[in-house]
Amino acid sequence: LKELWDAVFNSDEPSVSPAKLFSFASAYDWTLLLLASLFAFVSGGCLPATLYFFSGTMDSVGAAMAGGFNSDEMLHQSKMIMGVGCVYAASTAAYTALADIAKAHQTAEYKKRYLGSILRQDVGWFDTSNPQELSTRFGEAMLAIEEGVSFKAVMMLEAVYTLVFS
């Protein structure tokens with residue numbers, strides 16, 4: 001457990017604040033992320049709702065064991081569980097797609113600015129830099145940025161909303 005703690009919190013890798021990470025987000029990107037958060041809110045409420053309807057199904061099964069089977073109630077509970085599952089699938093797909101679109105826009109802006117800063121360097125800088133190393137560093141930087149602005153942040157919101165609804 002200590003190794004895991006040290007790997008997460010005592011890492012030598014540089015960290016970036018969310019404000020800096022989302023510094024190239026446009027108003028359109030923020031709107032997409034807000035919509036993604038709303039879909040994560042809906043998605044976060046689906047697990048507790050499923051458990052609620054599943055408990056009703058178990059109550060119906062218990063009543064059936066005691067001799068009081070109500071097929072209409074069981075059918076209603078089953079439809080509700082299926083409906084919540086469909087809402088969960090749709091809301092998860094929506095927040096993933098919206099967050100990925102925002103990520104693509106932000107990554108494109110990062111790439112433009114990164115490439116622009118390379119092209120603005122003095123000619124002597126290119127003599128001291130290794131071109132193969134430059135492309136590798138560029139790729140690693142873009143991968144790290146894509147990981148930072150991906151849908152994982154919205155996925156964390158879904159987990160928080162699930163905790164709140166529970």
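Residues numbered from 1 in each chain as written. Predicted model: local features only at pLDDT ≥ 70, side-chain atom pairs only at ≥ 80, totals over all residues. Heavy atoms only, no water.

Asker: Sorry if this is basic, but what is going on with helix H3 (residues 27-65) here?
Answerer: Here H3 spans 57 Å end to end across 39 residues, near enough to the 57 Å set by a 1.5 Å rise per residue. The sharpest bend along H3 measures roughly 25° and falls at Leu47, with the proline Pro48 sitting one to four residues further on. Note on H3: the residue one or two positions beyond its end, Gly67, has a positive phi of about 105°. (Helix = DSSP H or I, 4+ residues; strand = E, 2+ residues; numbered from the N terminus. Expected span 1.5 Å × (residues − 1). Bend = angle between axes of the 7 residues up to and from the residue.)

Asker: I'm lost on the nonpolar core in this one. Help?
Answerer: As a rule of thumb, nonpolar side chains are buried together in soluble globular proteins. Residues Leu21, Phe22, Ala36, Tyr95, Tyr110 and Val154 are the most contacted members of the largest nonpolar core, which totals 16 residues. Elements represented by at least two residues in this core include exactly H3, helix H4 (71-119) and helix H6 (131-148). The element contributing the most residues to this core is H4, with five residues. Sequence-distant contacts of Leu21, defined by excluding residues within four places in its chain, comprise Val16, Gln106, Tyr110, Gly148 and Val149. (Core = buried A, V, L, I, M, F, W, Y, C linked by side-chain atoms within 4.5 Å. Buried < 20%, exposed > 50% of the residue type's maximum accessible area, 1.4 Å probe, protein only. Contact = heavy atoms within 4.5 Å.)

Asker: Is there a simple way to think about the environment of Val160 in this case?
Answerer: In this fold, Val160 is placed in helix H7 (residues 152-165). Judged by its relative accessible area of 39%, Val160 falls in the partly exposed class. Remark: the alpha-carbon pair of Val160 and Gly44, spanning 116 residues in sequence, is separated by 7.5 Å.

Asker: I would appreciate a short explanation of the packing of H4 against H7 in the present structure.
Answerer: A packed helix pair is summarised by two numbers, namely the angle formed by the two axes and the spacing between the axes. It is the contact of H4 with H7, at a shortest axis distance of 9 Å, that shows an interaxial angle of 145°. Only Val154, Met155 and Glu158 of H7 make contact with H4, whose side of the interface consists of Tyr88, Tyr95 and Ala99. Among the residues making up the contact of H4 with H7, the classes are represented as five nonpolar, no polar and one charged. (Axes fitted to C-alpha atoms, helices over the stretch in contact; angles between N-to-C directions. Nonpolar A, V, L, I, M, F, W, Y, C, P; charged D, E, K, R; others polar.)

Asker: Would you mind showing me how to read the packing of aromatic side chains here?
Answerer: With the rule as written, the count across this model stands at six aromatic pairs. Ring centres of Phe22 and Trp30 lie 5.7 Å apart, and the angle between their planes is 45°; on these two criteria the pair is classed as tilted. Ring centres 4.8 Å apart and planes at 45° place the aromatic pair Tyr114 and Phe138 in the tilted group. Here Phe138 lies in helix H6 and Tyr114 lies in helix H4, a separation of 24 residues in the sequence. Judged by its relative accessible area of 24%, Tyr114 falls in the partly exposed class. An aromatic cluster is defined as three or more aromatic residues linked by ring pairs; in this entry it consists of Phe41, Tyr161 and Phe165. (Phe/Tyr/Trp six-rings, centres within 6.5 Å; stacked < 30°, edge-to-face > 60°.)

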